[in-house]
Amino acid sequence: MATKKTDDIVEAAKKAAKKVAVKAAEAVLDVAEAVVEQAADAIKEATTPIITPEMAKIPAGALEQKWTNYKNHQKLVNPANKRRLDIIVIGTGLAGASAAASLAEMGFNVLNFCIQDSPRRAHSIAAQGGINAAKNYQNDGDSVYRLFYDTIKGGDYRAREANVYRLAEVSNSIIDQCVAQGVPFAREYGGLLDNRSFGGAQVSRTFYAKGQTGQQLLLGAYSALSRQIGKGKVKMYTRYEMLDIVLIPDENGEKRARGIIARNLVTGRIERFFAHAVVVGSGGYGNTFFLSTNAMASNGSAAMQMYRHGALFANPCYAQIHPTCIPKHGDFQSKLTLMSESLRNDGRIWVPKKLEDAKRLQAGEIKGRDIPEEDRDYYLERRYPAFGNLVPRDVASRAAKERCDKGYGVNNTGLAVFLDFSDAIQRLGKDVVAQKYGNLFQMYEKIVDEDPYENPMMIFPAIHYTMGGIWVDYELQTTVKGLFCIGEANFSDHGANRLGASALMQGLADGYFVLPYTIQNYLSDQIGVPRMSTDLPEFAAAEKAVQDKIDRLMAIQGKRSVDSIHKELGLVMWDFVGMGRTAEGLKEGIKKIDAIKKEFWTNVYIPGTADHLNNELEKALRLADFIEIGRLMAVDALHREESCGGHFREEYQTPEGEALRQDDKFSYVGCWKYMGEDQEPQLVKEPLDYEFTERKTRNYKS
Ligand SMILES: Cc1cc2nc3c(=O)[nH]c(=O)nc-3n(C[C@H](O)[C@H](O)[C@H](O)COP(=O)(O)OP(=O)(O)OC[C@H]3O[C@@H](n4cnc5c(N)ncnc54)[C@H](O)[C@@H]3O)c2cc1C
């Protein structure tokens, strides 16, 4: 008996010892794994290519002197030589049209392309609310520095200081230019230009033309463009879509952009065009999400063409979600409608305080006007007393989501909050409100079939603008020589979040006041380059690649419409790469996007033929690129382990639910280099050193 007991004790001791040994080994393994992981991260970090300020061509000197210094020392092209140089401009939005008109006015020969049947139907025409400038007409303390500072801060300290300062600096010239063109900006009773306020600023600096600012600015740019078309300096190609960029090596073997391959959308013909430089102002890629406030034809294909040729794609994950859009109302919807941010000047945002009221609203038993004042939660005014309803868009969007996630949504889907004008109507009178916002109210009534003067509007956040885009240096040149990128298509000056009314400012700054100078610095070396034949092998190869891609798509003849696959992509983007992102969700999203890519390339159905007008083929070509962009957005979002601006990683938030940046680790522009079809892209960093501003936690509370 005694021996058995001893044996048992020995056995138990052995087991215990084994357990301890296994645990110890596991702990050692964990430590080893962590060390290996850290070492791998360190190697990755050490081998990540870096873009220096010199490579970004940021001029030396004091912030306010940089642009002046640049202009004083840049190389110029004399008038006789300008006549010998051709420039292709893709796009006729505010960026493209202003660039094409200005370059032609200066004497260059411009070939200008757009998808639409008229330059003035570019997406820019949809812009409603206004354009910022530091005129300080209201005498409320505005200045170039303040506009610069608000833009840097609004972008959550993820933008380049030198570019943003230049943007603020030229903002005033834009207003002068547009007024001279006859743009009918709103005026005060005394005749002076009027201003209103937009989110993220405590001054009134937004110039506007009712709720149609983009349309009026585009008509101004279009008249300047038309003048040059009339003079023969701009050759306009409407209903043409660029499908590739042609690069030709120079005498040193360095590849330079020398032309494009474009499809005539009416005849289906593929054509070749030469130029000494190519400028792309093709707009943003928000339609990756299928449902967005962008125009239906807005796309990211031109950006992807640049990317595949070696231009870096910067900050693809930075997409802006706009808080005031008309909520989605059905599964067959193909577009979302924006209600301008300007409405937040006078409208107050709220949801019910009581869950039972929210439930009755969701069931359609009561209307917003039936809820008494004391039962309303003006949550933005409550959470952010200093800025109230005028907090920046990312903050307002997340706050709306937070309320709806908690069950306080006010429509049948539970995904809407109120934007209420009853106070403003009482304070100003219905006529004044109608004068300021009448066309927006009318639009709302037509879509929702409810009178917003009588009952508060319902709004919900939607994808609206993409801050990410093609990386450009201070000269707006990409990493490919001779290839420039302007407007929303470049990674721009807005950092991780765009403040309202600053995209029009950037597009027109790029086109009227920046590119016309900087492109000369490049072209001054090109005056000896003769016009090249489009019979060169590089043109032939590029055309063949485009034709092969079209043939491949047309041959699939599968079972799914382009839209059905695009909708599926949009849902994955919204659910996994949308307003709240997590590492787990992003990894899942990438897998789903890969599956969608496979489905697209094996099962899409494109009716008709490729040799004449074919809208489905156009959409399929764009969707092929949206799938790639969607993946790139997810990859970028996964690598950026912080929350900043429109990029909200749920793992990185303060206890109050605000975005938590990691300045020590992620204060850089995250650029991605194309490494080949189905290969993972390579990360390239441009560190952002804040020399002239102190990085602070954004605070809109006090
Ligand atoms: C509803 C709405 C309201 C807005 N309101 C405001 C506002 O009030 N204030 C503000 O500052 N911003 C606003 N914005 C943002 C602003 O309108 C856009 O960022 C800006 O207009 C983009 O201008 P863009 O010239 O860069 O591009 P776009 O206006 O999008 O023009 C792109 C051009 O490129 C062409 N194109 C594209 N791809 C190709 C191709 N492959 N080949 C040939 N041509 C091509 C198109 O045909 C088009 O001409 C708003 C945006 C939306 C969606």
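Residues numbered from 1 in each chain as written. Predicted model: local features only at pLDDT ≥ 70, side-chain atom pairs only at ≥ 80, totals over all residues. Heavy atoms only, no water.

(A) The arrangement of the overall build of the chain in detail. When helices and strands are tallied, the chain shows 19 helices and 19 strands. Considering only C-alpha atoms, the chain reaches an extent of 115 × 70 × 60 Å along its principal axes. Relative to its 702 residues, the chain shows a buried fraction of 58%. The long-range share in the chain, meaning contacts at least 24 apart out of those at least 6 apart in sequence, stands at 75%. Entry remark: accessible area of the chain is about 29,000 Å², with carbon and sulfur atoms responsible for 52%. (Helix = DSSP H or I, 4+ residues; strand = E, 2+ residues; numbered from the N terminus. Buried < 20%, exposed > 50% of the residue type's maximum accessible area, 1.4 Å probe, protein only. Contact = heavy atoms within 4.5 Å. Areas by Shrake-Rupley, 256 points an atom, 1.4 Å probe, with all protein chains shown as cover.)

(B) Representation of helix H16 (residues 562-576) within the structure. If you check H16, its first and last C-alpha atoms are 21 Å apart, about what 15 residues at 1.5 Å a residue would give, namely 21 Å. Of all the residues in H16, the buried ones are Val562, Ile565, His566, Leu569, Gly570, Val572, Met573 and Phe576. For H16, the angular spread of the buried residues around the axis is 165 degrees, confining them to a single face. Away from the buried face of H16 by more than 90 degrees, exposed residues Leu571 and Asp575 are located. Buried residues along H16 sit in contact with helix H17 (583-603) and helix H18 (615-639). (Expected span 1.5 Å × (residues − 1). Arc of directions from axis to C-beta.)

(C) Up close: the site of the ligand. The environment of the ligand is made up of 37 residues, and the closest members are Gln116, Ser124, Gly129, Met242 and Glu488. Ser124 is positioned such that a nitrogen or oxygen atom in its side chain is 2.6 Å from an oxygen atom of the ligand. Met242 is positioned with one of its backbone polar atoms (N or O) 2.8 Å from a nitrogen atom of the ligand. Relative to its free-state accessible area of 1,000 Å², the ligand is covered by the protein chains to the extent of 97%. Mapped by element, the contributors of at least two residues to the shell around the ligand are helix H4 (94-106), strand S6 (240-249), strand S15 (457-466) and helix H14 (503-523). For the shell around the ligand, the element with the most residues is S6, which contributes 3 residues. Taken together, the residues that form the shell around the ligand break down as 16 nonpolar, 18 polar and 3 charged. (Near = heavy atom within 4 Å. Polar contact = N/O pair within 3.5 Å; in protein donor to acceptor, adjacent residues only side chain to side chain. Nonpolar A, V, L, I, M, F, W, Y, C, P; charged D, E, K, R; others polar.)

(D) Structural detail: the packing of aromatic side chains. Enumeration according to the criterion identifies 28 aromatic pairs in this entry. Centroid distance Trp350 to Phe418: 4.7 Å. Interplanar angle 45 degrees. Geometry classified as tilted. Of the two residues, Trp350 sits in strand S12 (residues 348-352) while Phe418 sits in strand S14 (residues 417-420), which places them 68 residues apart along the sequence. A relative accessible area of 2% means that Phe418 is categorised as buried. Through a chain of ring-to-ring contacts, the aromatic side chains of Trp67, Tyr70, Tyr474 and Tyr517 assemble into a single cluster. Taking NZ or CZ as reference, Arg166 lies 4.0 Å from the ring centre of Tyr474, over its face. We note Arg196 situated over the ring of Tyr208; from NZ or CZ to the ring centre the distance is 3.8 Å. (Phe/Tyr/Trp six-rings, centres within 6.5 Å; stacked < 30°, edge-to-face > 60°. Lys NZ or Arg CZ within 6 Å of the ring centre and 35° of its normal.)

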